[in-house]
Amino acid sequence: MTDVEILKQITHNVFLVRYENREFLVTKSKFKPHYGERKFSDFREWIPYRSKLAAMILNGYTVDFRPEIKILYLGAASGTTVSHLSDILEKGHIYAIEYSARPFKKFLELALERKNIIPLLKDASRPEEYAGIVEEVDFIYQDIAQKNQSEIFAKNAEFFLKKGGGGLIMVKARSIDSVAEPSEVFKRVLSELERSFSIVKYGKLDPYHKDHIFVHVEF
Amino acid sequence: MSEYKSEYKVWFGRVYEKDSELEVRKSDDLVQSFEESKSEKLDKIPFSLKEAGIRVFGSEEDYYSSLRRTAIQIAEKEIERELKGSERYLISLLKALDELDLGINLFSEKIRDLEEIKIDENTEKFRRIVRDLKKLRRDIEDEINSGVARSMPNMSEIVGGIIAARLIEKAGSLKRLSSLPASTIQILGAEKSLFKAMSRMKKGKKAKTPKHGIIFQHPFIRTLPKSLRGKMARFLASKLAIAARIDYYSGELKEDLFESVKRKYEEFREKSKAKSRK
Ligand SMILES: C[S@@+](CC[C@H](N)C(=O)[O-])C[C@H]1O[C@@H](n2cnc3c(N)ncnc32)[C@H](O)[C@@H]1O
């Protein structure tokens, strides 16, 4: 049995499938693997241990990304999650910010094959340095593991997020405060975000990412 | 151009705003205008960047394909610059840090001397200098820490920015450090005392060979009893060797590396507590 059986469509180009008697989260993709994930027929495995967005989806929460939207992505690293968003946004664009040169080098390989990725080697805490490059976007995704990440997120939203636009913030407790209880840290981050956004939903990324939460906000 | 209210440097050229009219000028050299667009303005651009761009590119498709092509071209250049420059920059900051320490010590001594002979107005001046130097020292330390977190995230997690930067300085580069065995990393920075010990031994005298180098400054070693420090240093060095390799080859954080170091430390702490209770 090598057939892929679609169990459920989650959102545009995102499916839960069964293959070789195992269930996989996948994106429909005509591109080759990017980070060691498997590829079967038209699908690319989306590994929840590698991508927090996949972990969120497998934990039962989905953000409905329309294929034509524009996303500003902060903290692209080598492009694991961006590669799947790129599969989803078939008619949209991803402005991807990363400030570390080594992972960015690998990310550039992805950007070279994908027409919807605009790679920017920039510091996400200085949106004024890319204000003349990035247009107004529908959504901001942030995964930067920084102490002041809610401040950085709000600053980017001020510059680029349209009113009513959405955002996802991945929060790692230890990178905000290495000694405090994770639940305390999360409370603090949520109240910081509440100053500029309304919180649609938040939740754990366990068991894939320990002491992390996702926060879905609206501007 | 004086009649224009504002001028915006955008990636494809300049946009001039007058009343509510926009005038868009496309640059002949997109790479240059892209690089120049780092605007100093802290404000959001009050018009649609894409629509202004489409006016000069003709279509949305051309807008995006030019944008992407230019971004990639610049990214390729910047990666090289960044990879070459960042280590050199960190090492020069480290030197500045050490020189500042010398200066701070020197001035502090001077203050003590002056206090002894009670010359007040001068001591105040020296105190101010020391305060300023200490502030500068903190700023440089922050800059080193954030630079290391950015380009060597794994080493940064395990030993912090300063120790990581010192290791790179001693090894010469991250590339070199990533090729060293753990046993060498463990004694990096202890060379001086190693030479001393060896020359004593040559002369037929007794000497202890040093066990720890720079990593000995780490609190996970310093806070352990002497009997466990060697073991902890060996463990730390073995994880650092892995960290340096990941930092050099991928530059991405591996979550469980620090966890294992912390666990080992806690294990040793427990052991030492249990011993002292006996
Ligand atoms: C956890 S990783 C991101 C993983 C990625 N989002 C994925 O799922 O494929 C965090 C990344 O954020 C980057 N980062 C942290 N602070 C940043 C900043 N101020 N500007 C740009 N990138 C930043 C780090 O260099 C690192 O590559």
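The model shown is predicted, which means the values in this text are computed figures rather than measured ones.

J.: Help me out: how do you make sense of the domain arrangement of chain A in this one?
T.: Interface size is commonly expressed as the accessible surface area that is lost when the partners come together. Residue and element names in this part refer to chain A. On domain assignment, one finds that chain A holds domain 1 (5–47) and domain 2 (70–218). The interface is formed by 13 residues belonging to domain 1 together with 12 residues belonging to domain 2. Buried surface at the junction of domain 1 and domain 2, both sides included, amounts to about 1200 Å², of which 55% is carbon and sulfur. The largest per-residue losses of area from domain 1 upon contact with domain 2 belong to F31, H34 and W46, which jointly make up 48% of the total buried on that side. Counting the contacts that link domain 1 with domain 2 gives 2 salt bridges. The partner of E113 in a salt bridge is K32, with the nearest N and O atoms 2.9 Å apart. Along the contact surface separating domain 1 from domain 2 lie 13 residue pairs in polar contact (both at pLDDT 80 or more). Mapped onto the side of domain 1 that touches domain 2, the elements with two or more residues apiece are β3 (22–28) and β5 (43–45). Partitioned by chemical class, the residues of the side of domain 1 that touches domain 2 number 4 nonpolar, 5 polar and 4 charged.

J.: Is there a simple way to explain empty space enclosed by the protein in this structure?
T.: Taking a probe equal in size to a water molecule and rolling it over the atoms shows the remaining empty space. On inspection of all chains with the given rule, the structure shows 3 cavities of 30 Å³ or more. The space that makes up the largest cavity amounts to roughly 40 Å³. Every residue lining the largest cavity is listed: A:P119, A:L120, A:L121, A:K122, B:F34, B:A71, B:I74, B:A75 and B:E78. Examining the composition of the lining of the largest cavity, we find that 4 residues originate from one element, helix α3 (residues 60–116) of chain B, more than from any other. A class-by-class count of the residues in the lining of the largest cavity yields 7 nonpolar, no polar and 2 charged.

J.: How should I be thinking about a positive patch on the surface in this particular structure?
T.: Residue and element names in this part refer to chain B. Together, K231, R234, K271 and K275 make up a region of like positive charge exposed at the surface. Breaking the positive patch down by element, the ones donating at least two residues are α10 (226–249) and α11 (255–277). Its location among the elements puts K271 in helix α11.

J.: I would appreciate a short explanation of unusual backbone geometry in the present structure.
T.: Both trends apply: most residues other than glycine have a negative phi, and most peptide bonds are in trans. Residue and element names in this part refer to chain A. P207 follows D206 through a cis peptide bond whose omega is -5 degrees. Located in the positive-phi region is S41, a residue other than glycine, with phi close to 40 degrees. We classify S41 as exposed; its relative accessible area is 52%. Positive phi, normally seen in glycine, also occurs at A145, with a value near 45 degrees. If you trace the backbone, A145 turns up in the loop between β9 (137–142) and α4 (149–160). For A145, a relative accessible area of 34% translates into the label partly exposed.

J.: How do you make sense of the pairing of strand β3 (residues 21–26) of chain B when you look at a structure like this?
T.: On a regular strand, each side chain points to the face opposite its neighbour's, so the side chains alternate between the two faces of the sheet. Residue and element names in this part refer to chain B. Taken together, the 6 bridges between strand β2 (residues 13–18) and β3 define a ladder with antiparallel strand orientation. From the neighbouring strand, R14 faces β3, where its bridge partner is R25. Counting the residues in the hairpin turn of β2 and β3 gives 2 residues, including D19, whose phi is positive at 50 degrees.

J.: Please explain the sheet that holds strand β12 (residues 212–218) of chain A as it appears in this structure.
T.: Each strand in a sheet pairs with its neighbour through backbone hydrogen bonds, running either in the same direction (parallel) or in the opposite one (antiparallel). Strand order in this open sheet of 7 strands is β8-β7-β6-β9-β10-β12-β11 (chain A), and the pairing throughout is mixed. Strand pairing shows two members of the sheet lacking a second neighbour, β8 (117–121) and β11 (198–204) of chain A, which therefore form its edges. For this sheet, the mean angle separating the axes of adjacent strands, direction not counted, is 15 degrees. With 6 bridges connecting them, β11(A) and β12(A) associate as antiparallel partners. Residue pairing across strands places A:K201 opposite A:H216, the latter belonging to β12(A). Together, β6 (70–74), β7 (93–98) and β8 of chain A form the strand contacts of α3(B), whose direction differs from that of β8(A) by roughly 35 degrees.

Thresholds, definitions, all that
- Residues numbered from 1 in each chain as written.
- Chains lettered and ligands numbered in written order.
- Predicted model: local features only at pLDDT ≥ 70, side-chain atom pairs only at ≥ 80, totals over all residues.
- Heavy atoms only, no water.
- Domains from an automatic or database assignment.
- Contact = heavy atoms within 4.5 Å.
- Buried area = accessible area lost by both parts, 1.4 Å probe.
- Salt bridge = Lys/Arg side-chain N within 4 Å of Asp/Glu carboxyl O.
- Polar contact = N/O pair within 3.5 Å; in protein donor to acceptor, adjacent residues only side chain to side chain.
- Helix = DSSP H or I, 4+ residues; strand = E, 2+ residues; numbered from the N terminus.
- Nonpolar A, V, L, I, M, F, W, Y, C, P; charged D, E, K, R; others polar.
- 1 Å grid on protein atoms, 1.4 Å probe; cavity = no way out; pocket = protein on both sides within 12 Å on 5 of 7 lines; lining within 4 Å.
- Points joined across faces, edges and corners; volume = space filled by probe spheres on them.
- Patch = residues over 30% accessible without salt bridge, like charges linked within 9 Å, V, L, I, M, F, W, Y side chains within 5 Å.
- Areas by Shrake-Rupley, 256 points an atom, 1.4 Å probe, with all protein chains shown as cover.
- Lys, Arg positive; Asp, Glu negative; His and termini not counted.
- Charge placed at Lys NZ, Arg CZ, Asp CG, Glu CD.
- Buried < 20%, exposed > 50% of the residue type's maximum accessible area, 1.4 Å probe, protein only.
- Pairing = 2+ DSSP bridges.
- Axes fitted to C-alpha atoms, helices over the stretch in contact; angles between N-to-C directions.

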